[in-house]
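Observations on the model geometry
Residues per chain are reported as follows:
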Amino acid sequence: MAVIHRTTMSPGKLELLAAWMPSKPWYRGGGAPLLAKAGGFRLDDPEGEVGIEFMVVTDTSGDSPVTYQVPLTYRGTPLEHAENGLIGTSEHGVLGRRWIYDGAHDVVLVEQLLALLAGRTAAQDQNASDVPDPTVEVRTEGPGVPQGLTGPEAVTDTADASLVTVGPSTQDGPVSTLTLCRVLRPGPAPAGDGAAGRVLAGWSAPDGARRHGQFARLAASER
């Protein structure tokens, strides 16, 4: 169970994200981001070592607001072979120095998101300890989510998503692509797009209205 500490982080999450996001191909803002927290949820690390958060932020620096999903992990030591995923470090008021990663590059986040898609774990409230988030919706389609997937094997950023290659432990087995939607769009999930499973969740628009849309999808792909 993840424990939510009521404390400070220096620099704060939004400060770190504002410095990091403009380097990503899916960022659509103008100049320096003007970020506000807009929602999200958490997952638990079974080992209790890594914090996992799916943060939603809205940027108002451009001509119109854009809402992004940024999956984050928080670690007490650096993650080996994940330098490309490091967002920065921050001093946590209780836990000390934390290494903060883009979760698309972190095996713990990827495997727990796959567990969520397979129905083996539940989404947790973003701001409270040991409180499930019933607003997070998981849908499975067709034969459902394959068992035994692990990753990430590779991560590719596009204009609106991060594509994470996941596969079984055997090198010759079939692989899948886990799509993390970076630019969030309200509305129902597309039908007939070949997804084995998908995650939908909500966030708040700048005017306070509630929005709901797709955060992630899993589909078979070629190795």
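All residue numbers refer to positions counted from 1 along the written sequence of the respective chain. The predicted nature of this model means local features are confined to residues of pLDDT at least 70 and side-chain atom pairs, given and counted, to a pLDDT of 80 or more, with totals for whole chains, interfaces and linings taken over all residues. Side-chain descriptors were evaluated using all non-hydrogen atoms of the structure, hydrogens and water having been removed beforehand.

1. Thoughts on the sheet that holds strand S12 (residues 210-221)
Read across the open sheet, the 6 strands follow the order S7-S11-S12-S10-S9-S8; overall the sheet is antiparallel. Taken across any chain shown, the strands that pair with only one partner, and hence form the sheet edges, are strand S7 (137-140) and strand S8 (150-157). Across this sheet, the average inter-strand angle for adjacent strands is 20°, counted without regard to direction. Sheet topology places S8 next to strand S9 (residues 161-167); 5 bridges connect them, and they run antiparallel. Each bridged residue has a counterpart across the sheet, and for Thr 156 the counterpart in S9 is Leu 163. Each of S7, S8, S9, strand S10 (175-181), strand S11 (195-204) and S12 touches helix H2 (residues 107-117); the most contacted strand, S8, lies at about 105° to it. For two strands to be treated as a pair, DSSP must find at least two bridges joining them. Strands are runs of DSSP state E lasting at least two residues, helices are runs of H or I lasting at least four, and both sets are numbered from the N terminus onward. Axes here refer to lines fitted to C-alpha atoms; in helices the fit is confined to the stretch in contact. Angles between the N-to-C directions go from 0 to 180 degrees. The contact criterion used is simple: two residues touch if any of their non-hydrogen atoms lie within 4.5 Å.

2. Quick word on the side chain of Gln 112
Within the secondary structure layout, Gln 112 lies in helix H2. You can call Gln 112 buried: its relative accessible area is 13%. Not counting the four nearest positions on each side in its chain, Gln 112 is found in contact with Leu 43, Asp 44, Pro 46, Ile 52 and Thr 121. Three labels apply to residues, based on accessible area from a 1.4 Å probe with only protein chains included: buried if under 20% of the type maximum, exposed if over 50%, partly exposed otherwise in between.

3. With respect to unusual backbone geometry
A cis amide bond, omega 5°, links Gly 151 with the succeeding residue Pro 152. Relative to the helices and strands, Pro 152 resides in strand S8. At His 81, a residue that is not glycine, the phi angle is positive and equals roughly 60°. Within the secondary structure, His 81 sits in the loop between strand S4 (66-75) and strand S5 (86-92). Overall, His 81 belongs to the exposed group, its relative accessible area being 73%.

4. Section: the nonpolar core
Formed by 31 residues in total, the largest nonpolar core has its most connected members in Phe 41, Leu 113, Leu 178, Val 199 and Leu 218. Put simply, the parts of the chain that give this core at least two residues each are strand S2 (35-43), strand S3 (51-59), H2, S9, S10, S11 and S12. The greatest single-element share of this core, amounting to 7 residues, is contributed by H2. Every residue in contact with Leu 218, bar those within four places of it in the chain, is listed here: Leu 114, Leu 117, Val 145, Pro 146, Leu 149, Val 166, Ser 176, Thr 177, Leu 178, Ala 195, Ala 196 and Gly 197. Joining through side-chain atoms within 4.5 Å is the link that ties buried Ala, Val, Leu, Ile, Met, Phe, Trp, Tyr and Cys residues into a set, and such a set is a nonpolar core. Core analysis: the next-biggest nonpolar cluster, separate from the first, contains 17 residues, Leu 16, Val 57, Tyr 68 and Val 183 among them.

The quantities given are spatial measurements derived from coordinates; they are silent on function.
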